[in-house]
Amino acid sequence: MNLNPGEEVVVAKLPSGKWGALLHLKGYDEPFNLGREFKTEEMTEGWLDTTEANNLIDQYITKYRKD
């Protein structure tokens, strides 16, 4: 994952009551929900350490990052 300064991935409780990861990119007011939901914060943090999560984050960065 290749985040620039001011960009981050955070774990947050979603409106559904489950946990998910949100990608904050410069130039966007709202974060991108990475689309996976988990029962616990710890499960979400564990998923962020996987290749699947890193590939997904890189896809979002490639598609949505504003230069």
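Everything below is about the structure shown above.
Residues numbered from 1 in each chain as written. Predicted model: local features only at pLDDT ≥ 70, side-chain atom pairs only at ≥ 80, totals over all residues. Heavy atoms only, no water.

Draft legend 1. Structural view of the sheet that holds strand β2 (residues 19-24). Taking strand neighbours across the sheet as the criterion, the 3 strands line up as β1-β2-β3 in an open arrangement whose pairing is antiparallel. Bordering the open sheet on either side are β1 (8-13) and β3 (32-38), each of which pairs with just one other strand. Neighbour-to-neighbour, the strand axes of this sheet turn through a mean angle of 25°, independent of strand direction. Across 6 bridges, β1 lies against β2 in antiparallel orientation. Residue Val10 lies in a different strand from β2, and its bridge partner there is Leu22. Together, β1, β2 and β3 form the strand contacts of helix α1 (residues 41-48), whose direction differs from that of β2 by roughly 50°. Across the sheet, helix α2 (residues 51-64) lies against β1, β2 and β3, angled at about 160° from β3, the strand it touches most. (Pairing = 2+ DSSP bridges. Helix = DSSP H or I, 4+ residues; strand = E, 2+ residues; numbered from the N terminus. Axes fitted to C-alpha atoms, helices over the stretch in contact; angles between N-to-C directions. Contact = heavy atoms within 4.5 Å.)

Draft legend 2. View of the pattern of salt bridges. Here the structure, examined in full by the defined rule, presents 2 salt bridges. Here Glu52 and Arg36 are joined by a salt bridge, their closest N and O atoms 2.8 Å apart. One end of the pair, Glu52, is in helix α2; the other, Arg36, is in strand β3, and 16 residues separate them in sequence. Given a relative accessible area of 31%, Arg36 falls into the partly exposed group. (Salt bridge = Lys/Arg side-chain N within 4 Å of Asp/Glu carboxyl O. Buried < 20%, exposed > 50% of the residue type's maximum accessible area, 1.4 Å probe, protein only.)

Draft legend 3. Expanded view of α2. Counted at 1.5 Å a residue, the expected span for α2 with its 14 residues is 20 Å, and the 20 Å between its end C-alpha atoms agrees. Of all the residues in α2, the buried ones are Ala53, Ile57, Tyr60 and Ile61. Mapping the buried residues of α2 onto a view down its axis gives an arc of 100°, with all of them on the same face. Exposed residues pointing more than 90 degrees away from the buried face of α2 are listed as Thr51, Gln59, Thr62 and Lys63. Those residues of α2 that are buried are in contact with β1, β2, β3 and α1. (Expected span 1.5 Å × (residues − 1). Arc of directions from axis to C-beta.)

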